[in-house]
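Each chain, written out:
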Amino acid sequence: MLRIKRFLEYRKCVCCKQDYLAYQVEKINKNNDYICSQCRRSNGYYVKNNSFKGKKTQISFSFEFETGSRTKALYELKKYNFIGCSDGSIRGLEWKSEIYYNKKSFHTICRKIEKFAKYVDEHCGTHLHVSTPYKQKIKEYEHELFEPILNVMTSDRSSTVKFWGRYFTGYCMPSIQEGRFNTFNPRSSVDTLEFRLLKFINANQYIRACDFCIDTTRYINHFIGREDFNSEKAKKIGQTIANKYKEVIQKCVD
């Protein structure tokens, strides 16, 4: 775009990085970040964020930052490659993160967006997806793998809320059903294990819980693909996960 010094003012869109006349963009924060009308548009519910962050590894993860507000301040998330999608169950948008290959970049983003935690209201969750090539096999053994930890979680409401950010709802149930609203969900539309109970309260809480979920998925992936894997081995892994969870929440209480 041709610029004429001191004649017209131009602003760069924080999302598409294109230059626009000042009246064509909207200021979204005190840092003088602006967004154009095209980038303000929301995407459909099923649109996926296929951008990646970091060098490819054996496991990846992404999250859905649900919000209860349509405030223009949230468009700053575009700066970090989130895409905003419509979701009829919440008042705001579901902001889908890019896909991360390491915890360092994931932790960095969580700390940058902590200021937006105030827009995660009582209707919102912050679901985490962790990659697995064994989604169908996890579904086959989901009772053995997840009932032990669910028993611990339902027996101690206060610790569950403190660790995960909220208690069970109809969208993240404490029992294993055929639908996709299980707390530990291998029925997502992508090759991931989805952790639906998670809710972003603050960066430290969310990072701690997500790290446990990522490590849990990595642990399951390590064993479940073996030819001799069976129900008894799944039960042992499920009990190990429950025991590790007890250790983690005890540290939170301490």
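Keep in mind that this is a model prediction, so the values were computed, not measured.

A. Spotlight on unusual backbone geometry. Despite not being glycine, Lys-17 has its phi angle at roughly 70°, a positive value. Take Lys-17: it is sitting in the loop between strand E1 (10-12) and strand E2 (19-21). Even without a glycine there, the phi angle at Asn-32 is positive, about 60°. Along the chain, Asn-32 falls in the loop between strand E3 (25-27) and strand E4 (34-36).

B. Highlighting the side chain of Thr-192. For Thr-192, the location among the structural elements is in strand E12 (residues 192-195). At a separation of 3.0 Å, a polar atom in the side chain of Thr-192 contacts the side chain of Ser-188. Residues contacting Thr-192, with those up to four places away along its chain left out, are His-129, Val-130, Ser-131, Thr-132, Lys-135, Asn-185 and Pro-186.

C. Geometry of the packing of helix H5 (residues 157-164) against helix H6 (residues 203-224). H6 packs onto H5 with a crossing angle of 100° between their chain directions and a minimal axis gap of 8 Å. Taken together, H5 and H6 sit at an angle that is classed as roughly perpendicular. Counted together, Lys-162, Phe-163 and Trp-164 of H5 and Gln-205, Arg-208, Ala-209, Phe-212 and Cys-213 of H6 form the full contact between these two elements. Of the residues assigned to the contact of H5 with H6, the class counts are five nonpolar, one polar and two charged.

D. The state of the cysteines, seen in detail. As enumerated under the stated definition, the model contains zero disulfides in all. Take Cys-16: it sits in no disulfide, and the sulfur closest to it among the cysteines is that of Cys-13, at 3.7 Å. With no disulfide of its own, Cys-85 has Cys-15 as its nearest cysteine by sulfur position, at a separation of 12 Å.

E. Examining the packing of aromatic side chains more closely. For the structure shown, the criterion picks out 25 aromatic pairs. Residues Phe-65 and Phe-200 carry aromatic rings whose centres are separated by 5.5 Å and whose planes lie at 85° to one another, so their mutual orientation is edge-to-face. Residue Phe-65 is found in strand E6 (residues 61-66), and its partner Phe-200 is found in the loop between E12 and H6; the two are separated by 135 residues along the sequence. Across the pair, Phe-200 and Phe-65 agree in class, each one buried. Within the aromatic cluster, the residues linked to one another by ring pairs are Phe-61, Phe-63, Phe-65, Phe-82, Tyr-100, Phe-106, Phe-200 and Tyr-206. Directly above the ring of Tyr-45 sits Lys-96, whose terminal nitrogen or CZ lies 5.8 Å from the centroid.

Parameters at a glance
All chains use their own residue numbering, which begins from 1 and follows the written sequence. Where local features are concerned, this predicted model is filtered to residues with pLDDT of at least 70; where side-chain atom pairs are given and counted, the filter is 80 or more; whole-chain, interface and lining totals use all residues. Only hydrogens and water are set aside; all other atoms, that is, all heavy atoms of the structure, feed into the side-chain values. Every helix listed is a DSSP run of H or I at least four residues long, and every strand listed is a run of E at least two residues long, numbered separately from the N terminus. In protein, a polar contact requires one atom able to donate a hydrogen and another able to accept it; more generally it is a pair of N or O atoms within 3.5 Å, and residues adjacent in sequence count only if both atoms are side-chain atoms. Contacts are assigned to residue pairs with any non-hydrogen atoms lying within 4.5 Å of each other. Lines fitted to the C-alpha atoms define the axes, with helices restricted to the stretch that makes contact. Angles between their N-to-C directions range from 0 to 180 degrees. Comment on the angle field: the value is read as roughly parallel under 35 degrees, roughly antiparallel over 145, roughly perpendicular from 65 to 115, and oblique elsewhere. Three residue categories are used. Nonpolar comprises Ala, Val, Leu, Ile, Met, Phe, Trp, Tyr, Cys and Pro, charged comprises Asp, Glu, Lys and Arg, and polar comprises the others, including Gly. Cysteine sulfur atoms are paired as a disulfide whenever they fall within 2.5 Å. Stacked, tilted and edge-to-face are the three classes applied to pairs of Phe, Tyr and Trp rings, where Trp contributes its six-membered ring and a pair requires centres within 6.5 Å; stacked means planes under 30 degrees apart, edge-to-face means over 60, and tilted covers the rest. The buried label applies to any residue whose accessible area, calculated with a 1.4 Å probe on protein chains only, is under 20% of its type's maximum; exposed applies above 50%, and partly exposed to all values in between. Look at NZ for Lys and CZ for Arg. If either is within 6 Å of the ring centre and within 35 degrees of the ring normal, a charge sits over the ring.

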